[in-house]
Amino acid sequence: MRAGEGTANATLVFLARNSDLSGVLSSMQHVENHFNKRFGYPWVFLNEEEFSLEFKSAVKEQTSATVSFGLIPKDHWYQPDWIDEERATQGRKEMAAANIIYADNVPYRNMCRFNSGFFFKHPLLQPYRYYWRVEPDIQYFCDVTYDPFDYLRDNNKTYGFTISFYEWEKTIPTLWATLKEFMDLHPQYIAPANAMSYLSDDGGETYNLCHFWSNFEIADMDFWRGEAYQKFFEFLDSKGGFYYEASNPLWGDAPVHSIAAALFMPKDQLHFFRDIGYRHGPFQHCPKGQDWNDGKCTCQSWDTLDYASQSCIPRYEKMFH
């Protein structure tokens, strides 16, 4: 790490392709201007193909922090050999016919599986405990004048988010049943004082569709590397759901991460970064009141696509009142 105020064992993680360069540079500019130019945390870029010299050069010009570029191992990215391709193809056709987003996109499924079970295993991330996930074409609206990594560490927090809402029910035919099967087999992994009430209105019998939007995460990789999550991911992966069902909703990394974080840790280890203004179109979170003033935010509530009726933040906050 370059000289800076950041002292946590942490990094900024960016999964991207060479073709994403313009969106990558835009996102980096937001993160550097609002946070990292002061703290100097290193960047780690990952790709299933080698990064081009043009990509590397342009990225390095955006920051004075250390930058590393990594190739994703093939067995962490591509569809496993044991997947029944005939069944997977049929499932993609059926979901594409139903206009389910990303239903016939195999690379997107690969990405969801990688983000669910493998990114934290990459050699470049082994030295680090905490990560901040960054994606192309995102925006930050407020100055982050404190260190979120320190906040997690010093307050015994494990998983941080900014946006939470309901998922489209048609895309989730079997994940909750698979989760219940896992819980029956491994009740020891369910934490006392967990956040089941965020996920379910009837004690876990059914899923209310709430999840944290994982394109923003500031979290502790030791949780993903731990026994409970590892067993959970291996169980899900063995069912083939990343390929047999639509990947964007429940078999994507957002619901997988959300369900695990809500059930395998006490709810007070979750954290809503209400003071971080963030947009990943079409949704955004804009801080309010003193948080808006302190961060010198440039977003306005009327700029936001209204998803109040879809927001799960009230359910999350209800757990603590």
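Residues numbered from 1 in each chain as written. Predicted model: local features only at pLDDT ≥ 70, side-chain atom pairs only at ≥ 80, totals over all residues. Heavy atoms only, no water.

The name given to the protein in an unreviewed UniProt entry is Glycosyltransferase family 15 protein, with the source organism recorded as Rhodocollybia butyracea. Per UniProt, the comment on the protein under Sequence similarities (unreviewed entry) is "Belongs to the glycosyltransferase 15 family." (UniProt positions renumbered as here; feature names shortened; annotations may be inferred.)

Looking at the sheet that holds strand β12 (residues 283-285)
Taken together, three strands build an open sheet; the order of strands is β5-β11-β12 and the sheet is antiparallel. Strands with a single pairing partner mark the edges of an open sheet, and in this sheet they are β5 (139-140) and β12. The sheet contact formed by β5 and strand β11 (residues 278-280) spans two bridges and is antiparallel. In the strand pairing of β11, Gln-139 is matched with Arg-279. (Pairing = 2+ DSSP bridges. Helix = DSSP H or I, 4+ residues; strand = E, 2+ residues; numbered from the N terminus.)

Examining the state of the cysteines
Inspection of every chain in the model, using the stated rule, returns three disulfides. Note on cysteine connectivity: Cys-210 is disulfide-linked to Cys-312, with sulfurs 2.1 Å apart. What sets the handedness of the Cys-210 and Cys-312 disulfide is the S-S torsion sign, and at about -90° it is left-handed. Of this pair, Cys-210 sits in strand β8 (residues 210-212) while Cys-312 sits in the loop between α13 (289-294) and α14 (313-318), placing them 102 residues apart in sequence. (Disulfide = S-S within 2.5 Å.)

Considering the UniProt feature "active site" (unreviewed entry) in the protein
Under the feature "active site" (unreviewed entry), the UniProt entry names Glu-217. Structurally, Glu-217 is set in the loop between β8 and β9 (218-220). In this view, Glu-217 contacts Tyr-131, Trp-132, Arg-133, Tyr-159, Gly-160, Trp-224 and His-257; residues no more than four positions away in its chain are not counted. (Contact = heavy atoms within 4.5 Å.)

Focus: the packing of aromatic side chains
In total, this model carries 48 aromatic pairs according to the counting rule given. Between the aromatic rings of Phe-161 and Phe-272, the centroid separation amounts to 5.4 Å while the plane-to-plane angle is 15°, which identifies the pairing as stacked. Here Phe-272 lies in strand β10 (residues 270-272) and Phe-161 lies in strand β6 (residues 159-161), a separation of 111 residues in the sequence. Assigned by exposure class, Phe-161 and Phe-272 land together as buried. Ring plane angle 65° and centroid distance 5.2 Å describe the contact between Phe-165 and Trp-213, whose orientation is recorded as edge-to-face. (Phe/Tyr/Trp six-rings, centres within 6.5 Å; stacked < 30°, edge-to-face > 60°. Buried < 20%, exposed > 50% of the residue type's maximum accessible area, 1.4 Å probe, protein only.)

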